[in-house]
Amino acid sequence: MKKPGIRAGRAIRLAAMLLALAFLGGCGLGKKQEERTNLEFTVVDEERLPEELARLVGEKKSGAFKLTYADGGYLYLCIGYGKQETGGYSISVNDLYETANAIYLDTSLIGPKEADGKNGSPSYPYLVIKTPFMDKTVVFD
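Scoring rules and cut-offs
Residues numbered from 1 in each chain as written. Predicted model: local features only at pLDDT ≥ 70, side-chain atom pairs only at ≥ 80, totals over all residues. Heavy atoms only, no water. Helix = DSSP H or I, 4+ residues; strand = E, 2+ residues; numbered from the N terminus. Buried < 20%, exposed > 50% of the residue type's maximum accessible area, 1.4 Å probe, protein only. Contact = heavy atoms within 4.5 Å. Areas by Shrake-Rupley, 256 points an atom, 1.4 Å probe, with all protein chains shown as cover. Polar contact = N/O pair within 3.5 Å; in protein donor to acceptor, adjacent residues only side chain to side chain. Salt bridge = Lys/Arg side-chain N within 4 Å of Asp/Glu carboxyl O.

Naming follows an unreviewed UniProt entry, where the protein chain appears as Protease complex subunit PrcB family protein of Candidatus Eisenbergiella merdigallinarum.

Following this line, the structure appears as structure tokens:
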């Protein structure tokens, strides 16, 4: 004859396992993946920035910064990585897309090649991209 305590213990373990599976595997059930649309963009050179934006970037570029600026039907997304000890850095746009509620920008700072890293002058790598204006929150990843 089995002890009643063993049967109850198995039931509790089974319930705990089912709850854990529901939590780990079932959280995404019923949720739709948010629809993403890749955005077209243009990288804007310093000489072609709107005057006010050029002033803002100039003020902020010594430190890391993220800012948005709207002008003339365009939205400018700006990201700076602050002062670097040498030149030769570049910035890669990994992803730029919109969802129903926001615009997402993912970038990476790429270090100088060994030959470029010998330049002792500090640099202030930043990137400004331009896309048609959208009134949405911008998330910098």
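Engineer: I'd love a proper account of the overall build of the protein chain, names of residues and values included.
Structural biologist: Of regular secondary structure, the protein chain possesses two helices and eight strands. Reading the protein chain from its N terminus to its C terminus gives the helix and strand order α-β-β-α-β-β-β-β-β-β. Classification of the 141 residues of the protein chain by burial places 27% in the buried group. Taking all contacts inside the protein chain whose residues are at least 6 apart in sequence as the whole, residues at least 24 apart take part in 69%. For the protein chain, the accessible area works out to roughly 10000 Å², and carbon and sulfur atoms hold 53% of it.

Engineer: Outline the side chain of Thr107, supporting the account with residue identities and numerical values.
Structural biologist: Mapped onto the elements, Thr107 comes out in strand S6 (residues 102-110). Within the structure, Thr107 has its side chain in polar contact with the side chain of Tyr81 (distance 2.7 Å).

Engineer: So what's going on with the pattern of salt bridges? Residues and values would help.
Structural biologist: Any two side chains of opposite charge can pair if their charged atoms end up close together. Per the counting criterion, the structure on display carries four salt bridges. Of the charged contacts, one joins Arg36 and Asp95 as a salt bridge, the two residues approaching to 2.7 Å between their closest N and O atoms. With Arg36 in the loop between helix H1 (4-26) and strand S1 (37-38) and Asp95 in strand S5 (residues 90-98), this residue pair connects regions lying 59 residues apart in the sequence. Judged by its relative accessible area of 43%, Arg36 is partly exposed. Given a relative accessible area of 23%, Asp95 falls into the partly exposed group. With a closest N to O distance of 2.5 Å, Glu52 and Arg55 form a salt bridge. Here Arg55 and Glu52 lie together in helix H2 (residues 51-60), a separation of three residues that amounts to about one turn.

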